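The lines below spell out each chain.
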Amino acid sequence: YFPAVGPPLWSAPLTDLAAGTNLIFVRAKDLSGKYSAEKKLTIVHPVFSPVVIVPEGFGTVSPNYTGQLLEIGKRYKVTARPGSGWVFSNWSGIAAIESTNLSFVMSSNLVLKAHFIPNPFLPLKGSYSGLFYSPEFFLHESSGFMKLQLASSGSFTGSARLAGKTNAFSGKFNLRGEATNILSKLSSSPVILEMHLD
């Protein structure tokens, strides 16, 4: 607490307000030294700072807040959209986030980068088929045949056949060319199918 100036109207300078919501507690003291009940005031102190959003590679960010003054402490959302023949890799600036949709809390002089890379799946698009097996044991109950259709986005659909049973599956390879599927219909215990693109 620090004293206010008055009467008849009481006032006090508030010089150390933080950006965003501040709670101010006020009380009065009478001539006998007794304090009144405390009152709480809520004061919102908006502070603004410029943000820079840099697309690295071929792509765009929407909305484009670059050069705008955004309120510190407030949450904003942006979406990265890769250009033709490119894919989104990750965000950097606050954390390495791989989702195209980014929700961030504005901070002072924030710089965000949206990283785009040439699409690694374009030359690999097509149909694949082959055998799969456990790397430990070549057993009939853990070996089978699979087919896979790979799209230019890295998404795939496929099917695996094991001991007379078929299990359809789908998913998407990450940018390292890795994907994992759990096939539950092929045997009494789930079969984990790990795939790696060359």
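The following refers to the structure shown. Numbering of residues starts from 1 in every chain and runs along the sequence as written. Where totals are concerned, whole chains, interfaces and linings use all residues; where local detail is concerned, this predicted model gives features only for residues with pLDDT of at least 70, and gives and counts side-chain atom pairs only at 80 or more. To obtain the side-chain values, all non-hydrogen atoms of the structure were included, while hydrogens and water were left out.

## Description of the overall build of the chain
Turning to step 1, where the next piece is worked out: Secondary structure elements are defined from DSSP: runs of H or I of at least 4 residues count as helices, runs of E of at least 2 residues count as strands, and each element is numbered from the N terminus. The secondary structure content of the chain amounts to zero helices and 16 strands.
Turning to step 2, where the next piece is worked out: The reference for a compact globule is 2.2 Å times residues^0.38; the radius of gyration itself is calculated from the C-alpha atoms. Radius of gyration (C-alpha) of the chain: 30 Å, far over the 16 Å computed for a compact globule of 198 residues.
Turning to step 3, where the next piece is worked out: With the C-alpha coordinates aligned to their principal axes, the bounding extent of the chain is approximately 95 × 40 × 25 Å.
Turning to step 4, where the next piece is worked out: The classification of residues rests on relative accessible area computed with a 1.4 Å probe and restricted to protein chains. Under 20% of the type maximum is buried, over 50% is exposed, and intermediate values are partly exposed. Across the 198 residues that make up the chain, the buried fraction comes to 27%.
Turning to step 5, where the next piece is worked out: For the chain, contacts bridging at least 24 residues in sequence account for 38% of all contacts bridging at least 6.
Turning to step 6, where the next piece is worked out: For every accessible area listed, the method is Shrake-Rupley and the probe measures 1.4 Å; residues are considered covered only by the protein chains on display. About 13200 Å² of surface is accessible on the chain, with carbon and sulfur atoms providing 58% of the total.
Turning to step 7, where the next piece is worked out: Side chains of the chain give 17 positive and 11 negative charges; the mean places of these two sets differ by 10 Å. Throughout, a residue-residue contact means that at least one pair of heavy atoms, one from each residue, lies within 4.5 Å. The convention is simple: Lys and Arg are positive, Asp and Glu are negative, and His and the chain ends are not counted. Taken as the charge centre is NZ of Lys, CZ of Arg, CG of Asp or CD of Glu, depending on the residue.

## Notes on the pattern of salt bridges
Where charged atoms from two side chains of opposite charge come close, those side chains can pair.
Turning to step 1, where the next piece is worked out: We define a salt bridge as a side-chain nitrogen of Lys or Arg found within 4 Å of a carboxyl oxygen belonging to Asp or Glu. Taken as a whole, this structure holds three salt bridges when the rule is applied.
Turning to step 2, where the next piece is worked out: The salt bridge partner of Glu98 is Arg176, with a shortest N-O separation of 3.9 Å. With Glu98 in the loop between β8 (86-92) and β9 (101-105) and Arg176 in the loop between β14 (165-172) and β15 (178-183), this residue pair connects regions lying 78 residues apart in the sequence. Of the two residues, Glu98 and Arg176, neither departs from the other in class, the shared state being exposed.
Turning to step 3, where the next piece is worked out: Put simply, Arg176 and Glu178 hold a salt bridge, and the shortest N to O gap is 3.5 Å.
Turning to step 4, where the next piece is worked out: Overall, Glu178 belongs to the partly exposed group, its relative accessible area being 34%.
Turning to step 5, where the next piece is worked out: It is possible to trace a salt-bridge network through shared partners that takes in Glu98, Arg176 and Glu178.

## Digging into the sheet that holds strand β5 (residues 59-62)
Turning to step 1, where the next piece is worked out: Here a strand pair is declared whenever DSSP counts at least two bridges between the two strands. Strand order in this open sheet of three strands is β5-β7-β9, and the pairing throughout is antiparallel. The sheet terminates laterally at β5 and β9, the two strands that pair on one side only. With strand direction ignored, the average angle separating the axes of adjacent strands in the sheet is 25°.
Turning to step 2, where the next piece is worked out: The sheet contact formed by β5 and strand β7 (residues 75-82) spans four bridges and is antiparallel. Of the residues in β7, the one forming a bridge with Thr60 is Arg81. Note on definitions: angles span 0 to 180 degrees between N-to-C directions of axes, and those axes are lines fitted to C-alpha atoms, for helices only across the stretch in contact.

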